[in-house]
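# Chains, contacts and geometry: an overview
Here is what each chain is made of, one letter per residue.
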Amino acid sequence: MSTPINQPKPSGTAMQSRDAVLRALIPLANHMVASQIDAFSARLANAFLALSEQSMDAREANLSFNAGQLLKKNGYAFYYLAAAGFEGAFRKEVDALLQGVKVMASNNDAALTLVTYEEMDQKLALSRAGRTLELDSAEQYAALNMRFAHLMDHEALSIAQNPFRPEIFLHTIYSAWCEFDPEVNTHELVLPLLRADILFDLEPILNALNEALIAKGILPDLHESFRIRRSRNSEKRKDASPGDASQKLRDLLSGNAQAGAMNEAGGQFAGGGQGGQAGGYPGGAQAGPGGFAGHRNAGGFMGGASDGAASSAPYSGFAQAGEMQSVPRAELFQKLADLQKSVKLQQMMSGAQDVLRLSQMREQMPEMANIANTGIEKNTLDLLSQVFDSVFRNQAIPTQIKELISVLQIPVLKAALMDKEFFFQENHPARRMIELLSRYSLAWDQKKGQQDPLFQTMQRNVHRVQQEFDQEIALFDEVVNDLESFIEKEEKASAEALQLPIKTALKKEKVKQANIAATHEVALRVGTGEVVAFVETFLEARWTKVLTLAYSVKEEKPYAVEDAIKTMDDLIWSVKPKISLQQRQELLNRLPAILARLNKWLSLIKWEDADRVQFFADLAECHASIVRAPLDLSPERQIEIAVEVAQQAAERRLAKRAEAETKAETEAPPAPDEHVDTVTELERGVWLEFTKKTGGSNKVKLAWVSPMRSLYIFTTGDKEKTFQVTAEELEQTFREKRAKILELDRVVDRALTEALENTPDTQEAEEEMSLV
């Protein structure tokens with residue numbers, strides 16, 4: 001039996017251990033999946049809440065809202081169910097593969113089994129979603145199937161036999177949800193939400209499984225044939241771009257982009273080991289008397305010496321025996337230290353109309369000209385220059401904050417030269433310092449100027465870095481922690497001040513959702529056309545308010561909605577014709593209780609005017625006419641009356657439908673567009689700039705978003721003004737181009753992405769050459 005590609009079959013020993021190899025994948029896959037469950041839960045909860053907001057069906061909106069809230073409040077319970085479900089499913093599927101059985105078999109008996117329409121819909125929905133996931137990860141699955149086939153000594157293995165196929169993920173999540181939420185009506189609602197943008201990212205899971213099999217020697221060369229194609233296809237996939245950018249950045253900062261020149265010249269970043277291995281950013285010498293120091297705070301980049309003492313000179317990162325390498329490195333940091341505290345530099349910064357940029361220092365300061373003009377140092381300086389240039393071009397950041405950031409340029413350059421993880425880790429302390437200053441650049445009261453406490457805290461910590469930073473990156477940690485602690489206190493005070501507006505907004509949103517449900521319940525009954533005219537008017541004008549009240553107190557009084565709906569239905573029943581004596585007797589018996597409940601609810605909504613008296617007078621007359629109608633009706637006459645009533649109901653129903661269609665055409669909301677998505681994706685803490693219709697603009701912070709994302713509370717920078725905006729109003733403001741999002745967060749990440757997009761990429765050329 002031949003294997004899928006020309007590879008030697010596993011040895012007898014390897015075949016005997018295939019059980020262990022496959023079973024070892026279970027905890028790996030379970031760990032990879034478990035790491036994504038929390039994020040998936042958050043996305044699913046938000047999707048439920050969004051569905052409740054968009055749904056025109058009151059029942060569906062209510063179910064979706066409750067499901068979203070349940071998941072948000074009980075995330076750990078869902079995590080436990082899902083994690084346990086995945087472990088059991090993976091174990092069952094691996095056992096089935098080892099036994100040569102398809103768990104999801106499609107034999108004739110199973111195919112002919114009768115199923116309900118609901119089960120059929122469920123299978124179709126999961127099948128469609130599974131097919132989409134399979135296509136998104138087709139190459140990973142193809143490689144995994146070939147490795148499984150090789151391991152099992154099969155000619156080929158289909159996706160239906162793969163223990164980690166999309167179907168397993170979907171069925172497990174669906175089963176976990178059904179067990180998690182006892183409300184069976186949400187089980188069908190979750191199916192459309194199991195889509196690619198909400199579900200797990202299968203790429204890292206499948207990649208880890210493939211890598212684990214490669215480590216066991218199972219078709220290791222298969223990886224290369226797929227790698228080149230993936231690198232090309234990744235440009236089309238948003239989720240692959242961060243990895244590509246990261247690799248490109250690592251190549252740039254490790255010297256790979258400048259291959260031979262650095263090593264031939266003895267490069268300033270080459271490690272000083274006898275074995276001649278380049279140290280650079282990635283590592284150090286493995287042998288020799290002077291290894292590369294690996295401790296970050298001692299100046300190491302990434303690697304460490306395995307033999308020989310580390311250099312005692314701060315930041316040197318070079319062997320003491322390699323004086324030709326050590327001197328330039330020490331000279332570099334000495335010049336940077338001089339520049340950091342240079343009186344000339346401070347004068348230039350304080351006297352310039354605009355802040356002095358790192359990219360301008362070479363031109364205006366001769367001592368910068370030769371500091372970093374080759375190799376990795378030059379790339380580091382170039383990248384940081386573009387980062388700071390991007391920050392200084394940002395018109396949303398006030399000039400005072402830009403001046404503070406400008407003082408950090410030299411210290412941050414030193415930190416980046418010491419530790420290249422500045423470019424890769426968002427939580428790097430030097431990077432967090434820049435991000436904090438940018439993100440909260442509008443959070444201080446500019447009317448108070450430099451007397452504002454937040455600005456003073458920023459200024460004090462920046463001054464400390466400028467004066468004290470030499471070789472301990474931990475200093476950045478200290479100042480960042482100090483700044484974050486102050487900001488946390490400020491935000492806590494702001495949150496307390498927002499409690500009243502939030503309470504008001506929550507009540508408003510609750511009433512809005514209750515009104516949607518109430519309107520729907522009334523419309524269902526009025527839409528039949530069987531309700532007499534004056535009762536129909538009463539239900540739409542008054543009972544909608546009663547039901548709104550009942551729905552708004554549903555959490556405190558769960559039976560209120562049931563009683564209000566029953567009272568409405570009893571009222572509608574009471575005004576229908578009663579042909580038999582028994583029906584009329586039942587009306588007389590039930591009428592006192594119906595009237596009592598009507599009066600109770602109408603008093604709760606404070607309807608006390610003359611219209612209420614008139615309504616009950618009309619109701620009494622209607623009931624009297626029903627009771628007094630002649631009883632000795634022939635069967636033919638009874639049929640005529642029934643037909644007449646049905647005809648009138650049909651006519652009224654058609655009239656109501658035409659009226660509703662006309663109203664929908666004239667009062668229809670704008671069609672969903674990109675602005676709806678923009679508002680939906682707004683997160684708390686983002687800053688927006690609103691342009692007034694009368695001129696002028698305000699920069700405000702999104703301080704709170706309601707659970708249904710229908711209301712947004714904004715505060716000004718001085719925290720003196722707070723105002724509330726509905727989602728519809730906010731969407732329209734964006735539509736009119738009178739609102740824009742100010743990009744104050746992730747400034748380093750965006751700047752690096754922009755810089756890398758403008759940097760020539762050598763990876764494609766290398767891959768093309770490898771194919772020749």
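Residues numbered from 1 in each chain as written. Predicted model: local features only at pLDDT ≥ 70, side-chain atom pairs only at ≥ 80, totals over all residues. Heavy atoms only, no water.

## Things to note about the overall build of the chain
Each helix and strand counted, the chain has 33 helices and 7 strands in total. Long-range pairs, those at least 24 residues apart, make up 69% of the contacts in the chain between residues at least 6 apart in sequence. Working note: accessible area of the chain is about 40,000 Å², and carbon and sulfur atoms make up 53% of it. (Helix = DSSP H or I, 4+ residues; strand = E, 2+ residues; numbered from the N terminus. Contact = heavy atoms within 4.5 Å. Areas by Shrake-Rupley, 256 points an atom, 1.4 Å probe, with all protein chains shown as cover.)

## Re the sheet that holds strand β4 (residues 697-705)
Spatial ordering of the open sheet is given by β6-β5-β4-β3-β7, a layout of 5 strands whose pairing is antiparallel. Of all strands in the sheet, those with a lone pairing partner are β6 (722-726) and β7 (739-742), marking the two edges. Direction aside, neighbouring strands of the sheet carry axes that sit 40 degrees apart on average. Pairing geometry for β4 and strand β5 (residues 711-716), over 5 bridges, is antiparallel. (Pairing = 2+ DSSP bridges. Axes fitted to C-alpha atoms, helices over the stretch in contact; angles between N-to-C directions.)

## Considering the pattern of salt bridges
Two side chains of opposite charge can pair, provided their charged atoms sit close to one another. Scanning the model with the defined rule gives 32 salt bridges in all. A salt bridge links Glu 728 to Lys 512; its shortest N-O distance comes to 3.7 Å. Placement of Glu 728 in helix α31 (residues 727-735) and of Lys 512 in helix α24 (residues 499-526) is noted, with a sequence separation of 216 residues between them. Linking Arg 525 and Asp 569 is a salt bridge whose minimum nitrogen-to-oxygen distance equals 2.5 Å. (Salt bridge = Lys/Arg side-chain N within 4 Å of Asp/Glu carboxyl O.)

## A few points about the packing of aromatic side chains
The final tally for this structure, using the stated rule, is 25 aromatic pairs. On the basis of an interplanar angle of 10 degrees and a centroid distance of 3.9 Å, the ring pair of Phe 538 and Phe 615 is categorised as stacked. Taken together, the positions of Phe 538 in helix α25 (residues 533-552) and Phe 615 in helix α28 (residues 610-628) put the pair 77 residues apart, joining distant regions of the chain. Its relative accessible area of 5% is what places Phe 615 among the buried residues. An aromatic cluster is built from Phe 40, Phe 48, Phe 78, Phe 86, Phe 90, Phe 148, Phe 164, Phe 169, Trp 177, Phe 180 and Phe 200, whose rings are joined through pairwise contacts. (Phe/Tyr/Trp six-rings, centres within 6.5 Å; stacked < 30°, edge-to-face > 60°. Buried < 20%, exposed > 50% of the residue type's maximum accessible area, 1.4 Å probe, protein only.)

## Description of the packing of helix α19 (residues 399-407) against helix α20 (residues 409-418)
Between two packed helices, the angle of one axis relative to the other and the distance separating the axes together describe the packing. Between α19 and α20, the least distance of the axes is 4 Å, while the angle of their chain directions is 45 degrees. As far as their axial angle goes, α20 and α19 are oblique. Listed contacts from α20 to Ile 405, Ser 406 and Val 407 of α19 are Gln 409, Ile 410 and Pro 411. For the contact of α19 with α20, a count of residues per class yields 4 nonpolar, 2 polar and no charged. (Parallel < 35°, antiparallel > 145°, perpendicular 65-115°, else oblique. Nonpolar A, V, L, I, M, F, W, Y, C, P; charged D, E, K, R; others polar.)

## A closer look at a negative patch on the surface
There is a patch of like negative charges on the surface, built from Glu 674, Asp 677, Glu 681 and Glu 683. Tracing the chain through its elements places Glu 681 in the loop between α30 (674-680) and β3 (687-691). (Patch = residues over 30% accessible without salt bridge, like charges linked within 9 Å, V, L, I, M, F, W, Y side chains within 5 Å. Lys, Arg positive; Asp, Glu negative; His and termini not counted. Charge placed at Lys NZ, Arg CZ, Asp CG, Glu CD.)

## Considerations on the pairing of β3
Burial within β3 is extensive, with 4 of its 5 residues counted as buried. Alignment of β3 against β4, held across 5 bridges, turns out to be antiparallel. Counterpart to Trp 687 in the pairing with β4 is Lys 701. Joining the antiparallel neighbours β3 and β4 is a turn of 5 residues, in which Gly 695 adopts a positive phi near 105 degrees. The pairing of β3 with β7 spans 4 bridges and is antiparallel. Across the sheet, the residue bridging to Leu 688 is Ile 741, located in β7.

## Side note on helix α32 (residues 747-757)
Burial in α32 covers these residues: Val 747, Val 748, Ala 751, Leu 752, Ala 755 and Leu 756. Seen from one end, α32 has its buried residues packed into an arc of 160 degrees, which puts them on one side. (Arc of directions from axis to C-beta.)

## Focus: the side chain of Thr 186
Here Thr 186 lies in helix α9 (residues 185-189). Not counting residues up to four positions away in its chain, the partners in contact with Thr 186 are Leu 63, Ala 67, Trp 177 and Asp 181.

## Some points on the packing of helix α7 (residues 138-152) against helix α10 (residues 202-215)
The interhelical angle for the contact between α7 and α10, taken along N-to-C directions, is 30 degrees, at an axis separation of 10 Å. Taken together, the axes of α7 and α10 lie roughly parallel to each other. The way α7 lies across α10 gives a crossing that is left-handed. Contacts between α7 and α10 pair Gln 140, Tyr 141, Ala 143, Leu 144, Arg 147 and Phe 148 from the former with Leu 202, Glu 203, Leu 206, Asn 207, Leu 209, Asn 210, Leu 213 and Ile 214 from the latter. (Left-handed = near helix turned anticlockwise from the far one by under 90°.)

## As for the environment of Ser 35
As for its position among the elements, Ser 35 is in helix α2 (residues 18-54). Along the primary structure Ser 35 and Ala 83 are separated by 48 residues, whereas in three dimensions their C-alpha atoms are 9.6 Å apart. From its side chain, Ser 35 meets the backbone oxygen of Met 32 in a polar contact 2.6 Å long. (Polar contact = N/O pair within 3.5 Å; in protein donor to acceptor, adjacent residues only side chain to side chain.)

## Brief notes about α31
Restricting attention to buried positions, one finds in α31 the residues Ala 727, Leu 730, Glu 731, Thr 733 and Phe 734. Looking down the long axis of α31, one finds its buried residues gathered within 160 degrees of arc, a one-sided arrangement. Packed against the buried residues of α31 are α30, β3, β5, β6 and β7. Just past α31, the residue Lys 737 takes up positive phi, approximately 60 degrees.

## Looking at the side chain of Thr 716
Considering the arrangement of structural elements, one finds Thr 716 in strand β5. Ignoring any residue separated from it by four or fewer positions in sequence, one finds Thr 716 in contact with Lys 699, Val 700 and Lys 721.

## A few points about the environment of Arg 250
In this structure, Arg 250 sits in helix α12 (residues 241-254). In this structure Arg 250 comes out as partly exposed when scored by relative accessible area, which is 26%. Setting aside residues up to four positions removed in sequence, Arg 250 forms contacts with Lys 420, Glu 421 and Phe 424.

## A look at the pairing of β6
As judged from the 5 bridges shared by β5 and β6, these two strands associate in the antiparallel manner. By the bridge assignment for β6, Tyr 712 is matched with Val 725. Connecting β5 to the antiparallel partner β6 that follows it, the hairpin turn spans 5 residues, and Lys 719 within it adopts a positive phi of roughly 65 degrees.

## Remarks on the environment of Ala 45
In this fold, Ala 45 is placed in helix α2. With a relative accessible area of 2%, Ala 45 lands in the buried category. Separated by 26 residues in sequence, Ala 45 and Leu 71 place their C-alpha atoms 5.9 Å apart. For Ala 45, the contacting residues outside a window of four places in its chain are Gly 68, Leu 71 and Lys 72.

## Structural notes on the confidence of the model for the chain
Looking at the chain as a whole, its pLDDT mean stands at 75, while 71% of the residues score no less than 70. When mean pLDDT is taken per element in the chain, helix α26 (residues 560-574) scores highest with 93 and strand β1 (residues 290-291) scores lowest with 32. Between residues 101-113, whose pLDDT stays under 50, and residues either more than four places distant or in other chains, the model counts 9 contacts. In this model, residues 223-242 is a region of pLDDT below 50 whose contacts with residues beyond four sequence positions or in other chains number 30 contacts. (pLDDT = per-residue confidence, 0-100.)

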